[in-house]
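# Residue-level structure breakdown
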Amino acid sequence: AMTLLEPCHQVLIAILQALGYLSYPARSGAVFVVSVITALYSKRRSVMAVIERDLNACIFWHALWHYTLPGGALLAQLLLSWESTEPLLKDGL
């Protein structure tokens, strides 16, 4: 069972980005924030489907939870690397 504390670090990053305390490029930051919000919404819908005993909805929303959070983080990271003017790895690594 998932607790509320598990996605806290993603939510904290999203909040700090929205408040301007982090300086991710806007596009990658927005993708990350949207993926976190979508993932949390999907997780909530999955729980509601369990309560309502709707197996198909539970499978759909739970699968969406598992795809949106890592998929959004991956897309945000790719956008970040494409938008970055600094090398991502130091020479010799």
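What comes next is a walk through the structure. This structure is a prediction, so every number in the text was calculated from the model and none was measured.

### Quick word on the overall build of the protein chain
Along the backbone of the protein chain there are 3 helices and 0 strands. Each helix and strand of the protein chain, placed in order from N terminus to C terminus, yields the pattern α-α-α. For the protein chain, the residues scored as buried account for 25% of the 93 residues in total. Counted over contacts in the protein chain with a minimum sequence separation of 6, partners at least 24 positions apart contribute 56%. Just so you have it, the protein chain exposes about 6,900 Å², and 67% of that area is on carbon and sulfur atoms.

### A word on the packing of aromatic side chains
Given two aromatic rings, their pairing is described by the distance between the two centres and the angle made by the two planes. Across all of its chains, the model carries 2 aromatic pairs by this definition. With centroids separated by 5.7 Å and ring planes inclined at 85°, the aromatic side chains of Tyr41 and Trp61 adopt a geometry described as edge-to-face. Here Tyr41 is found in helix H2 (residues 26–51), whereas its partner Trp61 is found in helix H3 (residues 55–83), with 20 residues between them in sequence. The class of Tyr41 is partly exposed, set by a relative accessible area of 45%. Sitting above the plane of the Trp65 ring, Lys43 keeps its charged end 5.9 Å from the centroid.

### Structural notes on H2
The first and last C-alpha atoms of H2 sit 38 Å apart over 26 residues, in line with the 38 Å expected at 1.5 Å per residue. For H2, the full list of buried residues reads Ser28, Gly29, Phe32, Ser35, Val36, Ala39, Ser42, Lys43, Ser46 and Ala49. Downstream of H2 by a residue or two, Arg53 has a phi angle that is positive, lying close to 60°.

### A few points about the environment of Thr68
Checked against the element boundaries, Thr68 lands in helix H3. A relative accessible area of 14% means that Thr68 is categorised as buried. Residues Thr68 and Val36 lie 32 residues apart in sequence; the distance between their C-alpha atoms is 7.6 Å. Other than its neighbours up to four places away in sequence, Thr68 contacts Ser35, Thr38 and Ala39.

### Quick look at the side chain of Ser35
Summarising the element assignment, Ser35 is placed in helix H2. Looking at Ser35, the relative accessible area reads 7%, which means it is buried. If we skip the residues at most four places from it in the chain, Ser35 touches Thr68, Leu69, Gly72 and Ala73.

### Some remarks on H3
A rise of 1.5 Å per residue sets the reference length of H3, with its 29 residues, at 42 Å; its end C-alpha atoms lie 41 Å apart and thus fit the reference within 8%. Along H3, the residues that are buried comprise Cys58, Trp61, Trp65, Thr68, Leu69, Gly72, Ala76, Leu79 and Leu80.

Cut-offs used in this document
- Residues numbered from 1 in each chain as written.
- Predicted model: local features only at pLDDT ≥ 70, side-chain atom pairs only at ≥ 80, totals over all residues.
- Heavy atoms only, no water.
- Helix = DSSP H or I, 4+ residues; strand = E, 2+ residues; numbered from the N terminus.
- Buried < 20%, exposed > 50% of the residue type's maximum accessible area, 1.4 Å probe, protein only.
- Contact = heavy atoms within 4.5 Å.
- Areas by Shrake-Rupley, 256 points an atom, 1.4 Å probe, with all protein chains shown as cover.
- Phe/Tyr/Trp six-rings, centres within 6.5 Å; stacked < 30°, edge-to-face > 60°.
- Lys NZ or Arg CZ within 6 Å of the ring centre and 35° of its normal.
- Expected span 1.5 Å × (residues − 1).

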